[in-house]
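# Structural overview
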Amino acid sequence: MILKSDGKEIIFEPLFDKMTAISGEQVIDLALQNQLNDLQADLNNAKSENTKANKEYEALKSELLKAIQGKSELPKDVLSEMPEEVRNKVLESSKRLTDLTLQLEQKKWYNSRYESRI
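Here goes a summary of the coordinates provided. (Residues numbered from 1 in each chain as written. Predicted model: local features only at pLDDT ≥ 70, side-chain atom pairs only at ≥ 80, totals over all residues. Heavy atoms only, no water.)

Bringing the overall build of the protein chain into the picture now. For the protein chain, the count of helices and strands is three helices and two strands. When the helices and strands of the protein chain are read in sequence order from the N terminus, they spell out β-β-α-α-α. Relative to its 118 residues, the protein chain shows a buried fraction of 16%. Looking at the protein chain as shown, the accessible area adds up to about 9,600 Å², and 54% of this sits on carbon and sulfur atoms. (Helix = DSSP H or I, 4+ residues; strand = E, 2+ residues; numbered from the N terminus. Buried < 20%, exposed > 50% of the residue type's maximum accessible area, 1.4 Å probe, protein only. Areas by Shrake-Rupley, 256 points an atom, 1.4 Å probe, with all protein chains shown as cover.)

Next up, the structure:
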């Protein structure tokens with residue numbers, strides 16, 4: 001198609017003439033891969049959170065040991081509140097890490113079963 005604008009000829013090729021369709025299998029493959037990528041990103045974040053929580057827990061254990069030895073500079077009331085909070089962080093992050101790992105493995109298994117049918 002040729003359009004004239006201000007005395008200039010512009011060749012306009014319809015966009016849809018050059019478009020190609022993708023198959024249903026390709027759509028499903030892309031959706032499955034996106035789900036895997038999202039789960040992997042969530043898992044990486046959970047690993048990071050878990051590592052951070054474990055480091056915090058180890059630092060607290062070290063500070064508690066100093067308190068027992070009388071070398072800690074933190075007030076005892078602060079130290080008495082922290083273990084439960086930090087312990088809960090470790091437990092929650094460990095549970096999330098385990099759940100996401102399981103979800104990712106299940107999704108990979110499902111995808112492999114789907115791909116073997118194609």
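Interhelical geometry of helix H2 (residues 24-68) versus helix H3 (residues 76-117) gives an angle of 155° and a closest axis separation of 8 Å. By the angle between their directions, the pair H2 and H3 is classed as roughly antiparallel. Judged by the sense of rotation from one axis to the other, the crossing of H2 with H3 is left-handed. Split into classes, the residues belonging to the contact of H2 with H3 amount to 21 nonpolar, nine polar and eleven charged. (Axes fitted to C-alpha atoms, helices over the stretch in contact; angles between N-to-C directions. Parallel < 35°, antiparallel > 145°, perpendicular 65-115°, else oblique. Left-handed = near helix turned anticlockwise from the far one by under 90°. Nonpolar A, V, L, I, M, F, W, Y, C, P; charged D, E, K, R; others polar.)

Each full turn of the α-helix corresponds to 3.6 residues, which orients residues three or four apart in the same direction. Spanning 45 residues, H2 covers 65 Å between terminal C-alpha atoms, matching the ideal 66 Å at 1.5 Å per step. Leu32, Leu36, Leu39, Leu43, Ala46, Asn50, Ala53, Leu60 and Glu63 are the residues of H2 that are buried. On the buried face of H2, the contacting elements are H3. Phi for Gly70, located one or two positions after H2, is positive at around 80°. (Expected span 1.5 Å × (residues − 1). Contact = heavy atoms within 4.5 Å.)

Another point: the side chain of Glu63. Within the element layout of this structure, Glu63 appears in helix H2. Buried within the structure, Glu63 lacks any salt-bridge partner; Lys66 is the closest side chain of opposite charge, at an N-O distance of 4.1 Å. When residues no more than four places from it in sequence are discounted, the contact partners of Glu63 are Ser72, Glu73, Leu74 and Leu79. (Lys, Arg positive; Asp, Glu negative; His and termini not counted. Salt bridge = Lys/Arg side-chain N within 4 Å of Asp/Glu carboxyl O.)

Keep in mind that these numbers describe shape and distance, not what the molecule does.
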